[in-house]
Amino acid sequence: MEQNNKTFSIFTLGCRLNSSESSYLTQEFCNRGYKLVPFLEEKADWVVVNTCTVTQKAEASGRNVIRKAHRFNPNAKIIVVGCYAEMAKEEIEQLEGVHLVLGSSNKHKIFEYLDENECIDAEIPPGFSSEADYHTRGFLKVQDGCNNYCSYCIIAHARGEPKSIPLEELLKHAEEMLQNGIREIVLTGVNIGEYKSIYQGQEIDFAQLVKHLLLLPFERFRISSIEPNTVTRELLSSLKDSQKACAHFHIPLQSGSDRILELMERRYARDEFLQSIALVREFFPDAAIGTDVIVGFPGETEADYQESRSLIEEANISHLHVFSYSKRKGTKAFHMTDHLSNKIKEKRSCDLRQLGDIRLHQFMRLRLGKETSVLFETCSNSMAQGLDPYFCKVRLATDRELKNQIVQVKLNEIVGDSFVASLL
Ligand code: SF4
């Protein structure tokens, strides 16, 4: 693809979902001929800040990043998107350098705006963008919004009612990804298990959507995160039959205590979470299971915390993400009375992170010596790095250009949180 001589950089705050959406935005910019440059290292024409409101700290970080970007390059046009942009549009518009503020549900309007306001000379032919191959995994957002209204979460308020993207549109995006050389498709959304749309006159749910997408010739297929109460036998059976689904599932837990789960207004109890994990393992016995846990929710006792800890062990979690609860205005939990001290929250979060490290290493030790496939994402200084289907990082010393290739390797050694592998 021809370049249009314009550059962009992108900075992402917050959750996994924001990261996957940033990957999508990056791809779309590259598809339009913009060149990606590193944030705060090279001056860009456009700077995108993808914000988050999960905590008030995240909002302050969002403002700081915008100010830094403006100081670094006062000529850059800054676009602010994401949940914080949705909740505090007017406040953000006051910040110097900010050119455009878009919420979460209308991030894609960046491109309508650019298409209308930027004079781009380059023809944009369909097909592979050499910049877009920076991303070897393509993120396909299938829905947005959530109406679970968990008591700690602002996302449901910020993103509104669930909206599913029609299958026809998703198939079109997926075809574009294939044309752009994407090898692994990752399905994302705020609450993807709630997907519902009409296709050829029939209502389809998430499991049926997955069945359709699995027919496309991607080599790997992954689901970014799915709520425990939406994991179904039909979904797992299609994934298993496809032979290309990664044996890696991210299923948010948040707490192992039934009392806290109820206060959080989650839609499942401890036992139901365990049943979902058991169902996954019925189809994928050696699956890597990731989860999110919030520590220090208002009223969380030491006994409640220990129940989270024990559930992580019992469910054999390999990839653990720990969050310390922090107050969010606009949520029910904000008004709860028994908030915990920072000291207790830090102690529990530190303890749980250590457990997370131990769990990951236990999982990695079980995989040591095994053969696996790796999709390499970067290749520099004679070192290729990528991910295996179990979402483990793998490094390989090689002079070969392996970026965006899926290669069979043997896992020889564990160094830090990565495997060191050799070619088969
Ligand atoms: S399921 Fe709960 S935590 Fe997740 S987006 Fe919906 S309201 Fe927020």
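This one's a predicted model, so the numbers in the text were calculated from it and none came from an experiment.

A. Up close: the confidence of the model for the protein chain. On average, residues of the protein chain carry a pLDDT of 88, and 89% of them reach 70 or more. In the predicted structure, residues 119-134 sits below a pLDDT of 50 and forms 34 contacts with residues beyond four places in sequence or in another chain.

B. Fine view of a negative patch on the surface. A contiguous patch of negative charge, built from D258, E262, D271 and E272, is present on the exposed surface. For the negative patch, the secondary structure elements donating two or more residues are α10 (258-264) and α11 (270-283). With respect to the helices and strands, the residue E272 is situated in helix α11.

C. Region of the structure containing unusual backbone geometry. Phi at N316 takes a positive value of approximately 60 degrees, unusual for a residue other than glycine. Take N316: it is sitting in the loop between α12 (302-314) and β14 (319-324). The partly exposed category is assigned to N316, whose relative accessible area is 40%. Positive phi, normally seen in glycine, also occurs at N404, with a value near 65 degrees.

D. Fine view of the packing of aromatic side chains. In this structure the tally under the stated criterion is 6 aromatic pairs. Pairing Y152 with F297 gives two aromatic rings, centres 6.5 Å apart and planes at 85 degrees, and the pair type is edge-to-face. Taken together, the residues span a long stretch of sequence, with Y152 in the loop between β6 (137-144) and α6 (155-159) and F297 in the loop between β13 (288-295) and α12 at a distance of 145 residues. When sorted by exposure, Y152 lands in the same class as F297, which is buried. Here the aromatic rings of F363 and Y390 are separated by 6.2 Å at their centres, their planes lie at 50 degrees, and the arrangement is tilted. Here F363 is found in helix α13 (residues 342-367), whereas its partner Y390 is found in the loop between β16 (383-387) and β17 (393-397), with 27 residues between them in sequence. Directly above the aromatic system of F284 lies the positively charged group of K240, at a separation of 5.1 Å from the ring centroid.

E. Spatial organisation of the sheet that holds β17. Pairing is mixed in the closed barrel, where 5 strands are placed in the order β15-β16-β17-β19-β18. Each strand of the sheet is rotated relative to its neighbour by a mean of 50 degrees, with strand direction disregarded. Relative to strand β18 (residues 406-415), strand β15 (residues 371-380) runs antiparallel, the two being bridged by 5 bridges. Of the residues in β18, the one forming a bridge with V374 is V407. Packed on one face of the sheet, α13 meets β15, β18 and β19 (418-423) and runs near 120 degrees to β18.

F. Main features of the site of the ligand. Taken together, C146, N148, Y149, C150, Y152, C153, I155, A156, V190, E227 and R266 make up the full set of residues near the ligand. For the shell around the ligand, a count of residues per class yields 8 nonpolar, 1 polar and 2 charged.

G. Local environment of the nonpolar core. Counting 72 residues, the largest nonpolar core has F206 and L239 as its most contacted members. F206 has contacts with V142, L187, I192, G193, Y195, I223, I226 and L235, leaving out every residue within four places of it along the chain.

H. Layout of the packing of helix α8 (residues 206-214) against helix α9 (residues 233-242). Running from N to C, α8 and α9 cross one another at 15 degrees; their axes reach a closest spacing of 8 Å. When the interaxial angle is binned, α8 and α9 end up roughly parallel. Crossing of α8 over α9 shows left-handed handedness. Side by side, α8 and α9 meet where F206, A207, Q208, V210, K211 and L214 of the first sit next to E234, L235, S238, L239 and S242 of the second.

I. Representation of the environment of R270 within the structure. With respect to the helices and strands, R270 occurs in helix α11. Overall, the relative accessible area of 12% leaves R270 in the buried class. Among all residues touching R270, those that are not within four sequence positions of it are G256, D258, L261, E307, S310, L311 and E314.

What counts, and at which threshold
Residues numbered from 1 in each chain as written. Predicted model: local features only at pLDDT ≥ 70, side-chain atom pairs only at ≥ 80, totals over all residues. Heavy atoms only, no water. pLDDT = per-residue confidence, 0-100. Contact = heavy atoms within 4.5 Å. Patch = residues over 30% accessible without salt bridge, like charges linked within 9 Å, V, L, I, M, F, W, Y side chains within 5 Å. Areas by Shrake-Rupley, 256 points an atom, 1.4 Å probe, with all protein chains shown as cover. Salt bridge = Lys/Arg side-chain N within 4 Å of Asp/Glu carboxyl O. Lys, Arg positive; Asp, Glu negative; His and termini not counted. Charge placed at Lys NZ, Arg CZ, Asp CG, Glu CD. Helix = DSSP H or I, 4+ residues; strand = E, 2+ residues; numbered from the N terminus. Buried < 20%, exposed > 50% of the residue type's maximum accessible area, 1.4 Å probe, protein only. Phe/Tyr/Trp six-rings, centres within 6.5 Å; stacked < 30°, edge-to-face > 60°. Lys NZ or Arg CZ within 6 Å of the ring centre and 35° of its normal. Pairing = 2+ DSSP bridges. Axes fitted to C-alpha atoms, helices over the stretch in contact; angles between N-to-C directions. Near = heavy atom within 4 Å. Nonpolar A, V, L, I, M, F, W, Y, C, P; charged D, E, K, R; others polar. Core = buried A, V, L, I, M, F, W, Y, C linked by side-chain atoms within 4.5 Å. Parallel < 35°, antiparallel > 145°, perpendicular 65-115°, else oblique. Left-handed = near helix turned anticlockwise from the far one by under 90°.

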